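Read off the chains here:
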Amino acid sequence: MFDPKKRRQHMREPILETEPASIRRIRKSQNNKLTAILQVRNERGRYLEEVLHNLSDFVDEIVIVDDASTDGTPDICRSYPKVVRLEVLEQPLFAQEWRLRNVLWQAAVSTSPDWLLSVDADELYGTKAKQAMRELINQEHADWVAFRFYDMWGGRTHYREDELWKLHQRHTASLVRYIPEYPYFYPQQNHHVPRLPLSCMVLPGMNTELKVQHLGWAGSLEDRVRKYLRYKRIDPDGQWGSLEHYESILDPEPRLVPWKEEQ
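Residues numbered from 1 in each chain as written. Predicted model: local features only at pLDDT ≥ 70, side-chain atom pairs only at ≥ 80, totals over all residues. Heavy atoms only, no water.

### Here's the deal with helix H6 (residues 221-234)
Spelled out, the test is: A helix here means a DSSP run of H or I that spans at least four residues, while a strand means a run of E at least two residues long, and both kinds are numbered starting from the N terminus. In a helix, the anticipated span is given by 1.5 Å times the number of residues less one. Relative accessibility thresholds used throughout: buried, under 20% of the residue-type maximum; exposed, over 50%; partly exposed, between the two (1.4 Å probe, protein chains only). Throughout, the arc means that of the directions going from the helix axis to the C-beta atoms. Contacts are assigned to residue pairs that have any heavy atoms within 4.5 Å of one another.
In this model, H6 (14 residues) spans 20 Å end to end at C-alpha, consistent with the 20 Å of a helix rising 1.5 Å per residue. Among the residues of H6, those classed as buried are Arg-224, Lys-227, Tyr-228, Tyr-231 and Ile-234. Within H6, the buried residues cover an arc of 135° as seen down the axis, which keeps them to one side. Structurally, H6 contributes buried residues whose contacts are with strand E9 (205-214) and helix H7 (243-248).

And the structure:
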């Protein structure tokens, strides 16, 4: 659980006297606008509506780039009032993920955000995380915030935990302060691109124990097989990820742990 009184224990403090005045001025402790950013493609019938409903509980605005969906996904996005910008691509960029991330980033910063929350269309922020969000953004010390992400497996009652599946054992940064004129960039990778620009991570940040459910593996075995085949098609030689990890998607008896938001 996030405890604001212990915040400094989990942060790398900025050395303010060495930072440009423009960066110091952008840090503020109140009235920060939180903008969620998503890239989506053919999400109808999956988790998108639940994710947008979840985000609408605690963010101020949502910016979405639709990667040439063919199933009416943009119509779902338009139905949520907090979606302030929706950019629909005519040609997909899914196989060039770094370009897609860049398009989304540029669309988001055009809305003058204070903070950006990078969310995938299959992620749900827990109750405690949503309750802590205003405290996390209305502070002047950390410029990014990391959470614990859990790979839910075959449903929502268990998450996977083994040698190759331990995302929740480390922190994943998904929330970042936007600093105009700061040099943001993504690595030129076609797959498994970081959700935030790499240059964010040299700024002072904060790790929390707040939880996020990743539902990408929570569906049926058929869903997981389709995802496995997509990974192998995009990255057949393991250039962007681990072939061993890809193959483990098909494990018939993975180690599963009961999910509890409060632990």
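### Comments concerning the pattern of salt bridges
Here is the rule we go by: For this document, the term salt bridge refers to a Lys or Arg side-chain nitrogen within 4 Å of an Asp or Glu carboxyl oxygen.
This model, assessed by the stated rule, comprises 21 salt bridges. Measuring nitrogen to oxygen at the nearest pair gives 2.7 Å for the salt bridge that ties Arg-195 to Glu-123. Of this pair, Arg-195 sits in the loop between strand E8 (172-177) and E9 while Glu-123 is found in strand E5 (residues 123-125), placing the two residues 72 residues apart along the sequence. The two residues Arg-195 and Glu-123 agree in class, both being buried. Of the charged contacts, one joins Glu-209 and Arg-148 as a salt bridge, the two residues approaching to 2.8 Å between their closest N and O atoms. Residue Glu-209 is found in strand E9, and its partner Arg-148 is found in strand E6 (residues 144-151); the two are separated by 61 residues along the sequence.

### A short note on the nonpolar core
Using the following cut-off: Take the buried Ala, Val, Leu, Ile, Met, Phe, Trp, Tyr and Cys residues and link them wherever side-chain atoms come within 4.5 Å; each set so joined is a nonpolar core.
Grouped together as the largest cluster of nonpolar side chains are 43 residues, with contacts concentrated most on Leu-38, Leu-55, Tyr-125, Phe-147 and Leu-175. Ranked by residue count, the leading element in this core is helix H5 (residues 127-137), at 5 residues. Those residues in contact with Phe-147 that lie beyond four places of it in its chain are Tyr-125, Met-133, Leu-136, Arg-170, His-171, Thr-172, Ser-174, Leu-175, Thr-208, Leu-210 and Val-212. Leu-100, Ala-108, Leu-116 and Leu-196 belong to the second largest nonpolar core, which has 25 residues in total.

### Some points on the packing of aromatic side chains
The criterion, for reference: Whether two aromatic rings pair depends on their centres lying within 6.5 Å, for rings of Phe, Tyr and Trp, where Trp uses its six-membered ring; planes under 30 degrees apart make the pair stacked, over 60 edge-to-face, and the rest tilted. Two thresholds decide whether a charge sits over a ring: the Lys NZ or Arg CZ must be within 6 Å of the ring centre and within 35 degrees of the ring normal.
With the rule as written, the count across this model stands at 15 aromatic pairs. Their ring planes at 75° and their centres at 4.9 Å tell us that Trp-153 and Trp-165 sit as a pair that is edge-to-face. Here Trp-153 is found in the loop between E6 and strand E7 (158-160), whereas its partner Trp-165 is found in the loop between E7 and E8, with 12 residues between them in sequence. The pair Trp-153 / Trp-165 is uniform in exposure class, with both members buried. By way of ring pairs, the aromatic residues Trp-105, Tyr-178, Tyr-182, Tyr-184 and Tyr-186 are connected into one cluster. Directly above the ring of Trp-259 sits Lys-211, whose terminal nitrogen or CZ lies 5.4 Å from the centroid. Its end group placed over the ring of Trp-217, Lys-227 keeps NZ or CZ at 4.2 Å from the ring centre.

### Remarks on the pairing of strand E1 (residues 34-40)
Filter applied, for reference: Here, strands pair whenever DSSP counts at least two bridges between them.
Counting buried residues in E1 gives 7 out of 7 residues, a clear majority hidden from the surface. Taking every second residue as pointing to the same face, both faces of E1 are buried, with Leu-34, Ala-36, Leu-38 and Val-40 on one and Thr-35, Ile-37 and Gln-39 on the other. With 4 bridges joining them, E1 and strand E4 (residues 115-118) adopt parallel strand pairing. Note on E4: the bridge partner recorded for Ala-36 is Leu-117. Where E1 meets strand E2 (residues 61-66), 6 bridges bridge the pair, whose relative direction is parallel. Following the sheet pairing, Gln-39 is matched in E2 by Val-65.

### A few points about the environment of Pro-236
Relative to the elements of secondary structure, Pro-236 occurs in the loop between H6 and H7. On a C-alpha basis, the gap between Pro-236 and Tyr-246 in space is 9.8 Å, while along the polypeptide they are 10 residues apart. In this view, Pro-236 contacts Tyr-231 and Leu-243; residues no more than four positions away in its chain are not counted.

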